[in-house]
Structure formats: C-alpha cells, structure tokens
Amino acid sequence: GYIIIERNWSSKLGEIDIIARNGQELVFVEVKTRSSLKFGYGVEAVDVRKRNKIHRVALAYIVQQTINIDLQPIRFDI
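Residues numbered from 1 in each chain as written. Predicted model: local features only at pLDDT ≥ 70, side-chain atom pairs only at ≥ 80, totals over all residues. Heavy atoms only, no water.

Peer 1: What is the right way to read the confidence of the model for the protein from this model?
Peer 2: Caution applies to low-pLDDT regions: their predicted coordinates should not be interpreted in detail. Confidence along the protein averages 90 in pLDDT terms, with 100% of residues attaining 70 or more. Mean pLDDT in the protein bottoms out at helix α1 (residues 48-64), which sits at 94, and peaks at strand β1 (residues 3-11), which reaches 97. (pLDDT = per-residue confidence, 0-100. Helix = DSSP H or I, 4+ residues; strand = E, 2+ residues; numbered from the N terminus.)

Below you can see the structure in the form of structure tokens.
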C-alpha cells in the first residue's frame, strides 16, 4: 500500500533509502538486510548515530520540498 516517492534520495548530508507515502503519512525508510543472523537483525545495525543521520537527511528533504511538518504526519521505518 506504500506509494514510493524517492529511492536512494541523497543530499550532502547522506542518503535515505526510500521515501514513500502510506496513507497520509510520509515515511522515511532505512533498508537493512542480512543473509543470516550471525551479525544480528538488520534493525540492530541502526544505532543512535545512524538514527541521527537519518533524521538530518530527512530534515534536508523536508526543507527542500517545503513540507509543512505541522500538517504532515511523518514516520521512520527500518
């Protein structure tokens, strides 16, 4: 049910793997895959530093697209 808006959107701050809409929500998606659980689940690879980077890049997208975050629900998925 997601509508993909951007794939691998990047700025000088970094990259967002997928930007999509799910209903009224704007969703920033970080994709992590693992071929085995030897190194844990993909979600475990997104530490505080990586989350902060994703937030900064998402903010750059929001500013560039002049999205009003007071009116636009936003979600982050891993």
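There is more to say after this.
Peer 1: Explanation requested: the packing of aromatic side chains in the structure shown.
Peer 2: Between two aromatic rings, the relevant description is the distance of the centres plus the angle of the planes. Applying the stated criterion across every chain yields a total of 3 aromatic pairs. Considering the side-chain rings of Trp-9 and Tyr-61, the 5.1 Å spacing of their centres and the 85° angle between planes classify their relative orientation as edge-to-face. A residue pair is termed long-range when its members are at least 10 positions apart, and Trp-9 in strand β1 and Tyr-61 in helix α1 qualify at 52 residues. Looking at Trp-9, the relative accessible area reads 10%, which means it is buried. Taken together, the ring pairs connect Trp-9, Phe-28, Tyr-61 and Phe-76 into an aromatic cluster. (Phe/Tyr/Trp six-rings, centres within 6.5 Å; stacked < 30°, edge-to-face > 60°. Buried < 20%, exposed > 50% of the residue type's maximum accessible area, 1.4 Å probe, protein only.)

Peer 1: Would you mind going over the sheet that holds strand β3 (residues 25-29) with me for this structure?
Peer 2: The strands making up a sheet associate through backbone hydrogen bonding, with each pair oriented either parallel or antiparallel. Here we have 4 strands laid out as an open sheet, ordered β1-β2-β3-β4, and mixed in their pairing. Only two strands of the sheet have a single neighbouring strand rather than two, namely β1 and β4 (74-77). Ignoring strand direction, the axes of neighbouring strands in this sheet form an average angle of 25°. Across 7 bridges, β1 lies against strand β2 (residues 14-22) in antiparallel orientation. Looking at β2, one finds that Ile-4 is bridged to Ala-20. Seen against the sheet, α1 touches β1, β2, β3 and β4 and runs at an angle of roughly 110° to β1. (Pairing = 2+ DSSP bridges. Axes fitted to C-alpha atoms, helices over the stretch in contact; angles between N-to-C directions. Contact = heavy atoms within 4.5 Å.)

Peer 1: What exactly am I supposed to notice about the pairing of β3 here?
Peer 2: Two faces, one strand: in a regular strand the side chains alternate between the faces of the sheet. Burial within β3 is extensive, with 4 of its 5 residues counted as buried. Relative to β3, β2 runs antiparallel, the two sharing 5 bridges. Counted as the bridge partner of Ile-19 is Phe-28 from β3. If you look at the hairpin formed by β2 and β3, you'll find 2 residues sitting between the two strands, and Gly-23 has a positive phi there, around 70°. Pairing between β3 and β4: 4 bridges, direction parallel. Paired with Val-27 across the two strands is Arg-75, which belongs to β4.

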